[in-house]
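Here are the chains, one letter per residue:
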Amino acid sequence: MPADERFAVRRDRARASVPRPLAAAPVPSGVPLPDGLALRGRLATGARRPETPRGSGRGGPGSRTPRTGRGGGPRRSYERARRAWDRPLTAYYVILGSSLLITVLGLVMVYSASMIKALDISKPSTYFFGKQFLAAVIGGALMLLAARMPVKLHRALAYPILMVTVFLMVLVQVPGIGMSVNGNQNWLYLGGPFQLQPSEFGKLALILWGADLLARKQDKRLLTQWKHMLVPLVPVAFMLLGLIMLGGDMGTAIILTAILFGLLWLAGAPTRLFAGVLGAAAAIAFLLIRTSPNRMSRLACMGVSEPDPEGGCWQAAHGIYALASGGWFGSGLGASVEKWGQLPEPHTDFIFAITGEELGLAGTLSVLALFAALGYAGIRVAGRTEDPFVRFAAGGVTTWITAQAVINIGAVLGLLPIAGVPLPLFSYGGSALLPTMFAVGLMIAFAREDPAAKAALAMRKPGVRWKTMRRRVKKRPSGER
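Residues numbered from 1 in each chain as written. Predicted model: local features only at pLDDT ≥ 70, side-chain atom pairs only at ≥ 80, totals over all residues. Heavy atoms only, no water.

Draft legend 1. How the structure looks around the overall build of the chain. When its secondary structure is counted, the chain shows 19 helices and three strands. Expressed as a percentage of its 481 residues, the buried residues of the chain come to 39%. At a minimum sequence separation of 6, the contacts of the chain that also span at least 24 residues come to 68%. When the accessible surface of the chain is totalled, it reaches about 28100 Å², and 63% of it is carbon and sulfur. (Helix = DSSP H or I, 4+ residues; strand = E, 2+ residues; numbered from the N terminus. Buried < 20%, exposed > 50% of the residue type's maximum accessible area, 1.4 Å probe, protein only. Contact = heavy atoms within 4.5 Å. Areas by Shrake-Rupley, 256 points an atom, 1.4 Å probe, with all protein chains shown as cover.)

Below, the structure is given as structure tokens:
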């Protein structure tokens, strides 16, 4: 027998020896089977489970259980907000946006609060608004200039600004040149309806000069000695305070003292030294208040809700009336009652009360939120820089704006004595608006000097953005991309 035939015979015998699976007999209905036999029967007959349509579940056809990642809800929102606040340009945009919003809202409220006052002195209703708008335009130019100036130029201007400010403050005390407004001899007449208050520029001068002085001493490692920390910073600050107090402006002197304490705190003054300077300033302030009946009467008006029968605390009481009548959303823009001669200084020191009356609690909280955002951004700029001058100057500007806002709003609420200081960027007064907007531009320049912010701003330039963000696709033979 040939070999191929023998191989075929063996293959047939091997196939015949393999047992074939028996066909499953039909099971009568109603007869239970063990689990093993039931599974074996389904496998033998090739029965399959009915397929479920994709996407169907317990919730019905097409329903799908939502997936929730770890930390969803408030936690995820908090993480997103934290990442947004940690971006390099956050401080830059917050300072720019909040300051512009405060200024624009201040212009609106100055017009609303001053129209009756302007008509009362036989002027057009837009008299005070026009002057404030002109000051805002000039201040905007100063802010843009300060924001574009390098830090070295700001340091170079510290001494000239201080000397010019001191000269003007001395000039105010010269009889026939200085003017007295509301009992304070601290104004210079510029011609026409324009006046200048040099003490407002003294805040900016002290910040720039003090920041430059402390930065140079820190570079030489001299701030560890209390003599170098105090001299000549404290004597120059006391000189400015003396010139201000000669004119009787207690409110500006308080702000200047707060700036001095802020600079000393940023310089790392020890607690005993800080407490000593604070104690000396408090003693001087007590003597100045005690010897002035006008200041004692202001101190006695804290927390009052009704004016005296003799007319005392009239301004403080009507400021509370204005806030109380505003309610949640106010009586409407321009619908204030207290500005019709009841509340003194409605467009300057007590403009926050008119804001509460016309815009309500929502308007006042919005103003507070804008100032809080501006203060937080200033602290962030001062805390993230490695340049000592930037840290001292940004901290000084933040102390200035925050302390002045707290003193003004606290006086309107009856929590602090009336100090006669305007609300920064909000109240009427060009002499206060111009240096404040320059200081805001200063902080914008500092926020731009951060290395990460520089890189982010460079990426936003049109040429760089096109080169870095465009898609690089190989050109096809047909010329299409």
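So, next bit.
Draft legend 2. Layout of the pairing of strand S2 (residues 184–191). Where strand S1 (residues 178–181) and S2 come together, four bridges link them in antiparallel fashion. Bridge pairing in S2 links Met179 to Trp187. Alignment of S2 against strand S3 (residues 194–196), held across three bridges, turns out to be antiparallel. Counted as the bridge partner of Gly191 is Phe194 from S3. The hairpin formed by S2 and S3 contains two residues between the paired strands, and Gly192 there has a positive phi angle of roughly 70°. (Pairing = 2+ DSSP bridges.)

Draft legend 3. Main features of the layout of surface pockets. By volume, the second largest pocket amounts to about 340 Å³. Every residue lining the second largest pocket is counted, 19 residues in all, and those nearest its centre are Thr385, Phe446, Glu449, Asp450 and Pro451. Breaking the lining of the second largest pocket down by element, the ones donating at least two residues are helix H15 (351–384), helix H17 (430–448) and helix H18 (451–459). Considered class by class, the residues forming the lining of the second largest pocket number 10 nonpolar, one polar and eight charged. (1 Å grid on protein atoms, 1.4 Å probe; cavity = no way out; pocket = protein on both sides within 12 Å on 5 of 7 lines; lining within 4 Å. Points joined across faces, edges and corners; volume = space filled by probe spheres on them. Nonpolar A, V, L, I, M, F, W, Y, C, P; charged D, E, K, R; others polar.)

Draft legend 4. Examining the pattern of salt bridges more closely. For the structure on display, the rule yields four salt bridges. Where Arg155 meets Asp212, a salt bridge forms, and the shortest distance between an N and an O atom there is 2.9 Å. One end of the pair, Arg155, is in helix H6 (residues 151–156); the other, Asp212, is in helix H8 (residues 198–219), with 57 residues separating them in the sequence. By relative accessible area, Arg155 is classed as partly exposed at 21%. Where Lys339 meets Glu358, a salt bridge forms, and the shortest distance between an N and an O atom there is 3.3 Å. Of the two residues, Lys339 sits in the loop between helix H14 (314–326) and H15 while Glu358 sits in helix H15, which places them 19 residues apart along the sequence. Across this residue pair, the class does not change: Lys339 and Glu358 are buried. In this structure, a network of salt bridges that share partners links the residues Arg155, Asp212 and Arg216. (Salt bridge = Lys/Arg side-chain N within 4 Å of Asp/Glu carboxyl O.)

Draft legend 5. Representation of empty space enclosed by the protein in the model. Counting across every chain of the model gives three cavities of 30 Å³ or more. Size it by volume and the largest cavity reaches roughly 60 Å³. Around the largest cavity, the lining residues are Met169, Val172, Gln173, Gln185, Asn186, Ser199, Leu243, Ile244 and Gly247. For the lining of the largest cavity, the elements supplying multiple residues, two or more each, are helix H7 (158–172), S2 and helix H10 (233–246). Taken together, the residues of the lining of the largest cavity break down into four nonpolar, five polar and no charged.

Draft legend 6. Main features of the confidence of the model for the chain. For the chain, per-residue confidence averages 83 on the pLDDT scale, and residues scoring 70 or more make up 81% of the total. Here residues 33–49 scores under 50 on pLDDT; set against residues more than four positions off or in separate chains, the count is three contacts. pLDDT under 50 marks residues 464–476. Its contacts with residues more than four places away, or in other chains, come to nine contacts. (pLDDT = per-residue confidence, 0-100.)

Draft legend 7. Quick peek at the packing of H7 against H8. Where H7 contacts H8, the two axes come as close as 8 Å, and the packing angle between them is 145°. In this structure, H7 meets H8 at a crossing whose hand is left-handed. Note on element contacts: H8 touches H7 through Pro198, Ser199, Phe201, Gly202, Ala205, Leu208, Trp209, Asp212 and Arg216, opposite Ala158, Tyr159, Ile161, Leu162, Thr165, Leu168, Met169 and Val172. Taken together, the residues of the contact of H7 with H8 sort by class into 12 nonpolar, three polar and two charged. (Axes fitted to C-alpha atoms, helices over the stretch in contact; angles between N-to-C directions. Left-handed = near helix turned anticlockwise from the far one by under 90°.)

Draft legend 8. Representation of the nonpolar core within the structure. Core analysis: the largest hydrophobic core is formed by 108 residues, its most contacted members being Leu233 and Phe446. Considering every element that reaches this core, the biggest residue donor is helix H16 (residues 388–412), with 13 residues. Those residues in contact with Leu233 that lie beyond four places of it in its chain are Leu206, Trp209, Gly210, Leu213, Leu214, Leu260, Leu263 and Leu264. (Core = buried A, V, L, I, M, F, W, Y, C linked by side-chain atoms within 4.5 Å.)

Draft legend 9. A look at the environment of Met163. Examined against the element boundaries, Met163 turns out to sit in helix H7. Note: C-alpha distance between Met163 and Gly202 (39 residues apart in sequence) is 9.9 Å.

Draft legend 10. Broad picture of a positive patch on the surface. A grouping of Arg76, Arg80, Arg83 and Arg87 is seen on the molecular surface, where their side chains present a positively charged patch. Of note, Arg87 is situated in the loop between helix H3 (74–85) and helix H4 (90–120). Of the residues examined, Arg87 reaches a relative accessible area of 54% and is grouped as exposed. (Patch = residues over 30% accessible without salt bridge, like charges linked within 9 Å, V, L, I, M, F, W, Y side chains within 5 Å. Lys, Arg positive; Asp, Glu negative; His and termini not counted. Charge placed at Lys NZ, Arg CZ, Asp CG, Glu CD.)

Draft legend 11. Broad picture of the side chain of Ser98. Looking at the element boundaries, Ser98 is found in helix H4. When neighbours within four sequence positions are excluded, Ser98 is seen to be in contact with Tyr93, Leu370 and Leu374.

Draft legend 12. A look at H16. Compared with the 36 Å implied by 1.5 Å per residue over 25 residues, the 36 Å span of H16 between its first and last C-alpha is a close match. When you tally the buried positions in H16, you get 21 out of 25 residues, the bulk of the element. Of the residues that open H16, the one with a side-chain oxygen 3.1 Å from the backbone nitrogen of Phe389 is Asp387. Just downstream of H16 lies Gly414, where phi reads positive at about 80°. (Expected span 1.5 Å × (residues − 1). Polar contact = N/O pair within 3.5 Å; in protein donor to acceptor, adjacent residues only side chain to side chain.)

Draft legend 13. Up close: the packing of H4 against helix H5 (residues 127–148). Where H4 meets H5, the axes come as close as 7 Å, and the angle between the chain directions of the two elements is 160°. Considering the angle they form, H4 stands roughly antiparallel to H5. The element H4 and its partner H5 pack so that their crossing is right-handed. For the pair H4 and H5, contact is made by Leu96, Ser99, Leu100, Thr103, Leu107, Val110, Tyr111, Ser114, Lys117 and Ala118 and by Tyr127, Phe128, Phe129, Gln132, Phe133, Ala136 and Met143, respectively. For the contact of H4 with H5, a count of residues per class yields 12 nonpolar, four polar and one charged. (Parallel < 35°, antiparallel > 145°, perpendicular 65-115°, else oblique.)

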